[in-house]
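# Notes for the structure review
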Amino acid sequence: MKLLVTGGCGFIGTNFIRLMLDKHPDWSIVNLDKLTYAGNRLNLADLERGEPRYSFVQGDIGDRALVMDMLTDATVDAIVNFAAESHVDRSIDDPSPFLTTNVLGTQNLLECARQRRVSRFVHISTDEVYGTLGASGKFSETTPLAPNSPYSASKAGADLLARAYFETYAFPVVTTRCSNNYGPYQFPEKLIPLMYLAAKDNRPLPVYGDGLNVRDWIYVDDHCHGVELALLKGREGQVYNFGGDAEETNLAVVKTMLSLLGKPESLITFVGDRPGHDRRYAMDYSLAALELGFAPSLDFATGLRRTIDWYETNSRWLEQVQSGEYRRFMDSWYGARS
Ligand code: NAD
Ligand code: DAU
């Protein structure tokens, strides 16, 4: 299979490309990535140097001419669309790039793929399109969309376009919605790597609100496996939920990390809440279990230890991302919220 993966230099895309090339000797992958602050070409530099089944193109999913050109030779069997602006806090500060990439960029990709008759398109979405839960219940694929942040609204817009392309043009798109991922290569603006770095430096760990918001954590490899299943077995036009069966409050996650790192809980600092902060996410993934055979395999305690080990042994990667955008982000973050 020849795959076009978009956003492959980001967190989940990097893990997905590595896993798929490892697992499928007959697959080749072209990675189209714009290299925003979140995209790191060095994540896959070893593949660029030594893996003939991998190639990289720097570019925007919203660039009609480029994408049409990449699909011209009709050798792309399927597209997996990870490319997105992905961080909720940034979308609150400035929604525009989220609409440009997540809505218009996805529509461009769908349209080019439709015109070039690509036979499979997996669109990667998120549990955040469903909004928020109370103390009980789970999101299913039939839960009405009720996004609460500009990020999740833009992802919901993309999901609806994917749906429309199936209904209107019978375009073979499958949409996946997953809960919070964690693992190697996650940019340290997200909760777990951000808290890891703050704890290592003995800086305050900024917990939003009362810290009791709940996320359902899934190790990134388990999400990638779900995407692989959706690619190979998903029904056209269908949405599939993926979850990790690991509901944790943010405060519990941070306390566990401090304990694993041997740091005091006194580093925890409660700061102002995120506007529109969703209280709780939980995923009913029974449809994916039934139709695809999906199940998360790694428990949260093991996955968290594995993730911290990865950050401990990949200090070069952390130094690199900290030296530029991360440092600017942290400076402005602390400046705005102190
Ligand atoms: P990320 O921010 O780490 O990576 C996004 C990648 O997309 C980067 O490499 C970036 O350079 C690239 N990109 C951004 N705009 C682009 C454009 N216009 N054209 C081409 N490339 C572009 O994100 P992530 O955490 O790896 O998330 C990947 C996808 O999975 C996103 O669609 C996100 O909504 C979805 N998702 C993420 C999670 C999570 O917990 N991280 C959970 C569920 C779904
Ligand atoms: O649920 C899937 C989503 O998970 C993905 O669609 C998004 O792309 C991804 O960024 C993630 O969104 P969240 O907003 O849940 O992740 P984040 O790591 O930003 O925050 C996780 C929780 O931790 C959330 O309740 C906010 C809280 N938080 C976050 C940061 C960065 C803090 O308390 N302090 C922080 O400094």
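The structure reproduced in this document is the subject of the present report. (Residues numbered from 1 in each chain as written. Chains lettered and ligands numbered in written order. Predicted model: local features only at pLDDT ≥ 70, side-chain atom pairs only at ≥ 80, totals over all residues. Heavy atoms only, no water.)

## Notes on the state of the cysteines
Under the convention used in this document: Two cysteine sulfurs form what is called a disulfide whenever their separation falls within 2.5 Å.
Counted under the stated rule, the structure contains zero disulfides. With no disulfide of its own, Cys112 has Cys9 as its nearest cysteine by sulfur position, at a separation of 20 Å.

## Examining the packing of aromatic side chains
We apply this condition: For Phe, Tyr and Trp, rings pair up if their centres lie within 6.5 Å, where Trp contributes its six-membered ring, and each pair is then called stacked (planes under 30 degrees apart), edge-to-face (over 60) or tilted (otherwise). Only DSSP runs of H or I reaching four residues or more are called helices, and only runs of E reaching two or more are called strands; each is numbered from the N terminus. Three exposure classes are used, based on accessible area relative to the maximum for each residue type with a 1.4 Å probe and protein chains only: buried under 20%, partly exposed in between, and exposed over 50%.
In total, this model carries 20 aromatic pairs according to the counting rule given. Measuring from centroid to centroid gives 5.8 Å for Phe121 and Phe171, while their planes differ by 70 degrees, and the two rings are edge-to-face. One end of the pair, Phe121, is in strand S5 (residues 121-126); the other, Phe171, is in the loop between helix H6 (150-169) and strand S6 (173-178), and 50 residues separate them in sequence. In this structure Phe121 comes out as buried when scored by relative accessible area, which is 0%.

## A short note on the sheet that holds strand S7 (residues 180-182)
Condition: A strand pair is defined by DSSP finding two or more bridges across the two strands. Note on method: axes are straight lines fitted to C-alpha atoms, helices fitted across the in-contact stretch only, with angles between N-to-C directions ranging 0 to 180 degrees.
Reading across the sheet, the three strands line up as S7-S9-S11 and stay open at both edges, with mixed pairing between neighbours. A single partner strand is all that each edge strand has here, and the edge strands are S7 and strand S11 (247-249). Neighbour-to-neighbour, the strand axes of the sheet open up by a mean angle of 50 degrees, direction not taken into account. Bridge analysis of strand S9 (residues 214-219) against S11 gives three bridges, and the strand direction is antiparallel. Residue pairing across strands places Val214 opposite Thr249, the latter belonging to S11.

## Brief notes about helix H7 (residues 191-200)
One turn of an α-helix holds 3.6 residues; hence residues three or four places apart share an orientation. Counting buried positions over the ten residues of H7 gives eight, a clear majority of the element. Where H7 terminates, the next one or two residues include Asn202, which has phi positive at roughly 55 degrees.

## Observations regarding the pattern of salt bridges
Opposite charge on two side chains permits them to pair, given that their charged atoms come into close proximity. Note the following rule: Salt bridge, as used here, is a side-chain nitrogen of Lys or Arg placed within 4 Å of a carboxyl oxygen of Asp or Glu.
Counted under the stated rule, the structure contains 16 salt bridges. Here Glu111 makes a salt bridge to Arg114, at a shortest N to O gap of 3.0 Å. Residue Glu111 and its partner Arg114 are located together in helix H5 (residues 96-115), separated by three residues, close to a single helical turn. By relative accessible area, Glu111 is classed as buried at 10%. Given a relative accessible area of 29%, Arg114 falls into the partly exposed group. Residue Glu247 pairs with Arg280 through a salt bridge whose shortest N-O separation is 2.8 Å. Separated by 33 residues along the polypeptide, Glu247 in strand S11 and Arg280 in the loop between strand S12 (268-271) and helix H10 (286-292) bring together distant segments of the chain.

## Quick look at the packing of H7 against helix H11 (residues 300-313)
Rules: Oblique is the label for any angle not covered by the other classes, which are roughly parallel (under 35 degrees), roughly antiparallel (over 145) and roughly perpendicular (65 to 115). A crossing counts as left-handed when the near helix is turned anticlockwise from the far one by less than a right angle, and as right-handed when that turn is clockwise. We call two residues contacting when some pair of their heavy atoms lies within 4.5 Å. Gly is placed with the polar residues, together with every amino acid not listed as nonpolar (Ala, Val, Leu, Ile, Met, Phe, Trp, Tyr, Cys and Pro) or charged (Asp, Glu, Lys and Arg).
The geometry of H7 relative to H11 is characterised by a closest axis approach of 11 Å and an angle of 55 degrees between their N-to-C directions. Regarding the angle of H7 to H11, the classification is oblique. Once H7 is placed against H11, the crossing between them reads as right-handed. Seen from H7, the contacting residues are Ile192, Pro193, Tyr196 and Lys200; seen from H11, they are Phe300, Leu304, Thr307, Ile308, Tyr311 and Glu312. Residue composition of the contact of H7 with H11, by class: seven nonpolar, one polar and two charged.

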